[in-house]
Amino acid sequence: MLTNRTIMYSRSKNFQNIKRNRFCLSLITIIGTICLMSTGSCTNKDQDRAPAASDTSAQATSLQNANTENNGPADTVLMSLKKFKDQYPSDAKLLDQPEIKSRLELLLGKDYDNFRKYWQTETPIKIEGNVLSTTGCEQHNCGANQYVLQIDLMHNNINVYHFGQNIQSYLEKGPINLPSGLAKEFQNISGNNSI
């Protein structure tokens, strides 16, 4: 039979465990928030950021349509790019904007120079919801050398796809969940560039 003292002790221990668990959860939340605020993600900066190669447009499309947990809480660092809607990237100097230039260099690594070199014939900047999308390709050779730039303005995420011999995917925080209009457009580009 349990005494009042035993019951009180048991309740006291349970209360202490609850307080400790809440403290740990709060601490984890704070650390995660600081990490996301300072770098956009908790990745090792020295980690090799090699792009994942895909063989078919279906794989790239399925990546685009996947809901990911990487589109976490809003981080509006890139929202200022909304002002470029319907402009051509070269007219807006989009690729030179300080919000994205260094991030593109880091994301694309050794492929950044070719990205800039072959970004010649371009489409106007489209924005649907809070996702920006535009394309650039080698003049007279879009079918074999085309880039798609997608930016989730609300969740501070950049994706670049290169359609060439195969599809190269450069995903900063994972694939962006595209709104329906941009998803259809990306699917068309993927289908037109399958080799």
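Quick note: structure is the one above.
Residues numbered from 1 in each chain as written. Predicted model: local features only at pLDDT ≥ 70, side-chain atom pairs only at ≥ 80, totals over all residues. Heavy atoms only, no water.

The helix and strand inventory of the chain stands at 6 helices and 7 strands. Out of the 195 residues in the chain, the part that is buried amounts to 37%. If you take every contact in the chain between residues at least 6 apart in sequence, the share linking residues at least 24 apart comes to 55%. By element, 53% of the accessible surface of the chain is carried by carbon and sulfur atoms, the whole surface being about 11800 Å². (Helix = DSSP H or I, 4+ residues; strand = E, 2+ residues; numbered from the N terminus. Buried < 20%, exposed > 50% of the residue type's maximum accessible area, 1.4 Å probe, protein only. Contact = heavy atoms within 4.5 Å. Areas by Shrake-Rupley, 256 points an atom, 1.4 Å probe, with all protein chains shown as cover.)

Moving on: the packing of aromatic side chains. The tally for this structure, following the rule as stated, stands at 5 aromatic pairs. Ring centres of Y161 and F186 lie 4.8 Å apart, and the angle between their planes is 55 degrees; on these two criteria the pair is classed as tilted. Of this pair, Y161 sits in strand β6 (residues 157-163) while F186 sits in helix α6 (residues 180-192); the two residues are 25 residues apart in sequence, bridging distant segments of the chain. Between the aromatic rings of F163 and F186, the centroid separation amounts to 6.0 Å while the plane-to-plane angle is 55 degrees, which identifies the pairing as tilted. (Phe/Tyr/Trp six-rings, centres within 6.5 Å; stacked < 30°, edge-to-face > 60°.)

Looking along a regular strand, one sees the side chains alternate between the two faces of the sheet. Across the 7 residues of strand β4 (residues 131-137), 7 count as buried, placing the element largely inside the fold. Here β4 shows two buried faces, one formed by V131, S133, T135 and C137 and the other by L132, T134 and G136. Between strand β3 (residues 126-128) and β4, which follow one another and run antiparallel, lie 2 residues, and G129 among them has a positive phi close to 60 degrees. (Pairing = 2+ DSSP bridges.)

Within this structure, the stated rule accounts for 4 salt bridges. Notably, a salt bridge pairs D111 with K110, separated by 3.6 Å at the nearest N-O pair. For K110, a relative accessible area of 74% translates into the label exposed. As a salt-bridge pair, E185 and K126 come within 2.6 Å of each other at their nearest N and O atoms. Placement of E185 in helix α6 and of K126 in strand β3 is noted, with a sequence separation of 59 residues between them. Owing to a relative accessible area of 23%, E185 belongs among the partly exposed residues under this scheme. (Salt bridge = Lys/Arg side-chain N within 4 Å of Asp/Glu carboxyl O.)

Right, let's talk about the nonpolar core for a bit. What tends to happen in soluble globular proteins is that the nonpolar side chains get buried as a cluster. Counting 24 residues, the largest nonpolar core has L81, L104, F115, L149, I151, I158 and V160 as its most contacted members. Among the elements of the structure, α4 (101-108), α5 (112-117), β5 (146-152) and β6 are those that each provide at least two residues to this core. Setting aside anything within four residues of it in sequence, one finds L104 in contact with L95, G109, Y112, F115, L149, I158 and V160. By size, the runner-up hydrophobic cluster in this structure holds 11 residues, among which are V131, F163, I176 and F186. (Core = buried A, V, L, I, M, F, W, Y, C linked by side-chain atoms within 4.5 Å.)

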